[in-house]
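Observations on chain architecture
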Amino acid sequence: MIKLGIVGLGRLGKRHAENIAFRIQNAELLAVCSIVEDEIKDAQKNLGVKYAYKDFSEMLKNKELDAIVIASSSTEHCKQIEEALNAGFHVFSEKPLGINMHEVLRAREVVGKHNDKIFMLGFMRRYDASYAYAKKKIEEGIIGRPFLIRCYGLDPVKAVQGAIAFSEKSGGIFLDMAIHDIDLARWYLGSEVKSAYAIGGCYEYPEFKKYNDADNAVALLQFKNDAIGILYVGRTCTHGYHIETEIVGTEGSLRIGSIPQKNLVTIFDEKGAVQECVSGFLERFDQAYVAEIQEFVNCIIEKRKPKVGVDDGVMSTKVAYACKESFESNKLVIIE
Ligand code: NAI
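Thresholds applied
- Residues numbered from 1 in each chain as written.
- Predicted model: local features only at pLDDT ≥ 70, side-chain atom pairs only at ≥ 80, totals over all residues.
- Heavy atoms only, no water.
- Helix = DSSP H or I, 4+ residues; strand = E, 2+ residues; numbered from the N terminus.
- Rg over C-alpha atoms; globule rule 2.2 N^0.38 Å.
- Buried < 20%, exposed > 50% of the residue type's maximum accessible area, 1.4 Å probe, protein only.
- Contact = heavy atoms within 4.5 Å.
- Pairing = 2+ DSSP bridges.
- Axes fitted to C-alpha atoms, helices over the stretch in contact; angles between N-to-C directions.
- 1 Å grid on protein atoms, 1.4 Å probe; cavity = no way out; pocket = protein on both sides within 12 Å on 5 of 7 lines; lining within 4 Å.
- Points joined across faces, edges and corners; volume = space filled by probe spheres on them.
- Nonpolar A, V, L, I, M, F, W, Y, C, P; charged D, E, K, R; others polar.
- Expected span 1.5 Å × (residues − 1).
- Bend = angle between axes of the 7 residues up to and from the residue.
- Phe/Tyr/Trp six-rings, centres within 6.5 Å; stacked < 30°, edge-to-face > 60°.
- Lys NZ or Arg CZ within 6 Å of the ring centre and 35° of its normal.
- Patch = residues over 30% accessible without salt bridge, like charges linked within 9 Å, V, L, I, M, F, W, Y side chains within 5 Å.
- Areas by Shrake-Rupley, 256 points an atom, 1.4 Å probe, with all protein chains shown as cover.
- Salt bridge = Lys/Arg side-chain N within 4 Å of Asp/Glu carboxyl O.
- Core = buried A, V, L, I, M, F, W, Y, C linked by side-chain atoms within 4.5 Å.
- Domains from an automatic or database assignment.

**Considerations on the overall build of the protein chain**
Broken down by element type, the protein chain carries eleven helices and 15 strands. Over its C-alpha atoms the protein chain spans a radius of gyration of 20 Å, differing by no more than 12% from the 20 Å that the globule rule assigns to 336 residues. For the C-alpha atoms alone, the extent of the protein chain along its principal axes is close to 55 × 50 × 45 Å. Within the protein chain, buried positions represent 56% of all 336 residues. Pairs at least 24 apart in sequence give 71% of the contacts found in the protein chain among residues at least 6 apart.

**Here we look at the sheet that holds strand S4 (residues 67-70)**
Here six strands make up an open sheet; going across it, the order is S3-S2-S1-S4-S5-S6 and the pairing parallel. Each end of this open sheet is capped by a strand with a single partner; those strands are strand S3 (51-53) and strand S6 (119-122). The mean angle between the axes of side-by-side strands here comes to 20°, regardless of whether they run parallel or antiparallel. Pairing of strand S2 (residues 27-33) with S3 involves three bridges; the strand directions are parallel. Bridging from a neighbouring strand, Ala31 pairs with Tyr51 of S3.

**Focus on the layout of surface pockets**
Of the voids in this model, the largest pocket is the one considered here, and its volume is about 1,100 Å³. Elements that contribute at least two residues to the lining of the largest pocket include exactly helix H4 (77-86), strand S7 (146-156), helix H7 (160-170) and helix H8 (173-189). Residue composition of the lining of the largest pocket, by class: 22 nonpolar, 14 polar and twelve charged. As a volume, the second largest pocket reaches approximately 210 Å³. With four residues, the top contributor of residues to the lining of the second largest pocket is helix H6 (residues 129-139). Broken down by class, the residue content of the lining of the second largest pocket amounts to four nonpolar, no polar and six charged.

**Considerations on H8**
Along its 17 residues, H8 runs 22 Å from first to last C-alpha, staying within 8% of the 24 Å computed at 1.5 Å per residue. Along its length, H8 shows its largest kink, about 50°, at Ile179. Positioned one or two residues after H8, Gly190 has a phi angle of 65°, which is positive.

**A short note on the packing of aromatic side chains**
Counted according to the given criterion, the structure contains seven aromatic pairs. Seen from their ring centres, Tyr131 and Tyr188 are 6.5 Å apart, and the 25° between their planes marks the pair as stacked. Highlighted residues: Tyr131 in helix H6 and Tyr188 in helix H8, separated in sequence by 57 residues. Both residues of the pair, Tyr131 and Tyr188, count as buried. An aromatic cluster of at least three residues, connected via ring pairs, comprises Tyr131, Trp187, Tyr188, Tyr241 and Phe285. Lying across the ring of Phe166, Arg11 places its NZ or CZ 4.9 Å from the centre. Between the NZ or CZ atom of Arg150 and the centre of the ring of Tyr152, over which it lies, the distance is 5.2 Å.

**With respect to a nonpolar patch on the surface**
Together, Tyr197, Ile199, Val218, Leu220, Ile228, Ile230, Leu332 and Ile334 give the surface a local cluster of nonpolar side chains, amounting to about 660 Å² of exposed area. Where the nonpolar patch is concerned, the elements lending two or more residues are strand S8 (193-201), strand S9 (216-223) and strand S10 (228-237). Here Leu220 is to be found in strand S9.

**Brief notes about the nonpolar core**
Judged by nonpolar contacts, the single largest core of 103 residues is most densely connected at Met59, Ile68, Leu97, Phe174, Tyr188, Leu221 and Phe296. In terms of residue count, the dominant contributor to this core is H8 (twelve residues). Domain assignment of the residues forming this core places at least three in each of domain 1 (2-117) and domain 2 (126-284 + 315-334). In this structure Ile68 touches Gly5, Phe56, Met59, Leu60, Ala84, Phe89, His90, Val91, Phe92 and Phe296, once residues within four positions along its chain are discounted. Counting six residues, the second-largest nonpolar core is a separate cluster that includes Ala163, Cys202, Tyr205 and Phe208.

This is the structure:
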């Protein structure tokens with residue numbers, strides 16, 4: 001049984017904690033940590049955890065633990081990864097790896113020094129059944145050579161107040177949201193990005209301006225193998241949570257999530273034939289959040305490296321940061 005401690009019990013951390021407590025095999029949720037007292041109390045009451053901490057360093061003194069899951073604010077990830085690895089634990093960290101190049105490069109160095117420990121990054125879309133199926137189909141060659149990826153990553157407008165509150169610590173729309181699409185683009189196209197141009201703005205919510213952020217933005221990427229990436233990210237989607245990806249190849253194309261259907265039900269009423277949409281990331285990627293933590297636990301047990309590691313964190317941050325720089329300067333950014 002792998003004994004896990006989690007830091008961060010917010011929107012996503014709470015779900016990870018519930019999954020570890022009830023849905024992950026060969027794992028036990030032994031400890032939780034959050035700076036929010038009520039979140040700790042809820043976890044103790046509902047998840048029956050043995051240990052609860054307000055201070056991360058205190059949790060790391062608990063040597064009954066085998067591994068740490070980091071689901072704290074993005075600004076905390078790199079520091080906590082380093083502290084947890086140095087304290088002798090395996091580490092799973094939520095995306096993004098960090099919010100600037102300096103700290104992600106440092107994290108890569110630290111992960112490298114602890115090669116005997118498992119380190120995994122939470123790019124959960126790779127563990128979503130449909131995304132994984134599309135990858136398999138591309139590898140089988142059914143669309144020929146992929147040369148273009150088009151991604152929509154749209155958060156529901158219903159969640160916009162949370163996004164505004166989160167903006168100060170999120171790293172901005174590219175590091176927070178487009179980073180998932182950047183990871184998918186690298187994964188599907190099998191190449192790294194060589195240049196990025198990004199534009200966007202605060203079309204509905206000027207509140208994001210305070211953090212040099214946008215409520216909707218687009219990035220155009222060119223890859224080293226000359227493939228093209230078109231990413232659209234937004235926080236004002238009226239119909240729900242719309243994650244859509246299209247990969248175009250020389251012999252065909254694949255689309256994942258063209259209509260972000262909630263399920264297979266169509267409602268016929270005075271509005272016509274209505275298919276309801278997925279409401280948010282917890283609903284859309286429910287299975288993927290379980291699968292990625294299960295993979296982390298399996299990797300610890302089987303002593304093998306996960307497919308999503310620190311290099312994916314460094315490369316995706318580099319590209320997201322280039323998009324941010326381009327958005328702020330209105331210039332094409334060449335990535336070294
Ligand atoms: P949130 O703001 O709802 O929760 C943050 C949590 O971190 C809170 O429990 C807070 O107490 C805790 N925390 C922050 N600093 C801490 C510290 N120094 N020590 C102990 N606890 C600390 O944030 P949310 O939305 O849950 O996001 C958390 C992370 O997960 C972010 O990095 C975000 O980018 C990522 N995320 C990933 C998603 C995915 O689909 N993979 C979806 C949503 C979030």
